[in-house]
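# Residue-level structural notes
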Amino acid sequence: GAVVSQHPSRVICKSGTSVKIECRSLDFQATTMFWYRQFPKQSLMLMATSNEGSKATYEQGVEKDKFLINHASLTLSTLTVTSAHPEDSSFYICSAQAGSTEAFFGQGTRLTVV
Amino acid sequence: DAKTTQPPSMDCAEGRAANLPCNHSTISGNEYVYWYRQIHSQGPQYIIHGLKNNETNEMASLIITEDRKSSTLILPHATLRDTAVYYCIVRLSPMNSGYSTLTFGKGTMLLVSP
């Protein structure tokens, strides 16, 4: 299947700082990218959907000013967690889709805010 | 998207077939059945999908009942590396809707033992 790469795989940051997570589609052009969050022992929860060149659509309850999403090119989307707090500690996962193909997932980023 | 019901956990002996059931009694005529799996601390991996015909690929087989209200994912010869949470999801095909988000339930935790 297609390859989606996330970076970093793990990050620890201090409370109040911002963290940027990158999601790249390595062998295809992703017209749509999705960002999920997964807390321990829970399922994936969709945070937002972004189409290249346009603003992201956020799910209800997800603060757009706190979770900044940029999808500036067909191969890169970034999620920035601003002013991170311990409750933002989670496993963040992106997925990418090219037009009518299936969605493929990155390997996830484990964020720990201390 | 229609909701699905899966058993929370299943056990399987290594080398034997793993049969994972999924109920989706409210599935609509243009919704597909998708299966993904998530190995611990990794992003989900696409396995297979189908509309009404049975499907087979190098990973698994998908058997969909004639009334489409349930399906079974079959891993013909389970290995220890198949231990994961398996998600059954019904959704519109990206070919019909441009893109369609994946809504993850709790899935089935499959434990393959030696």
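The following paragraphs examine the structure supplied in this document.

### Focus: the interface of chain B and chain A
- The partner chain A presents 21 residues to the 21 residues of chain B that form the contact.
- Overall, the association of chain B and chain A removes approximately 1,500 Å² of surface from exposure, summing both partners, and the carbon and sulfur fraction of that is 57%.
- Counting the contacts that link chain B with chain A gives zero salt bridges.
- Our enumeration of links across chain B and chain A arrives at six residue pairs in polar contact (both at pLDDT 80 or more).
- When residues of the side of chain B that touches chain A are traced back to their parent elements, those giving at least two are strand S3 (31-38), strand S4 (45-50), strand S8 (84-92) and helix H1 (94-97) of chain B.

### Remarks on the state of the cysteines
- Following the criterion strictly, the structure yields two disulfides over all chains and no others.
- Note on Cys13 of chain A: no disulfide assigned, nearest cysteine sulfur contributed by Cys94 of chain A at a separation of 18 Å.
- Cys13 of chain A sits in the buried class, given a relative accessible area of 8%.
- Take Cys12 of chain B: it sits in no disulfide, and the sulfur closest to it among the cysteines is that of Cys22 of chain B, at 18 Å.
- Classification of Cys12 of chain B by relative accessible area gives buried; the value is 9%.

The rules behind these values
- Residues numbered from 1 in each chain as written.
- Chains lettered and ligands numbered in written order.
- Predicted model: local features only at pLDDT ≥ 70, side-chain atom pairs only at ≥ 80, totals over all residues.
- Heavy atoms only, no water.
- Contact = heavy atoms within 4.5 Å.
- Buried area = accessible area lost by both parts, 1.4 Å probe.
- Salt bridge = Lys/Arg side-chain N within 4 Å of Asp/Glu carboxyl O.
- Polar contact = N/O pair within 3.5 Å; in protein donor to acceptor, adjacent residues only side chain to side chain.
- Helix = DSSP H or I, 4+ residues; strand = E, 2+ residues; numbered from the N terminus.
- Disulfide = S-S within 2.5 Å.
- Buried < 20%, exposed > 50% of the residue type's maximum accessible area, 1.4 Å probe, protein only.

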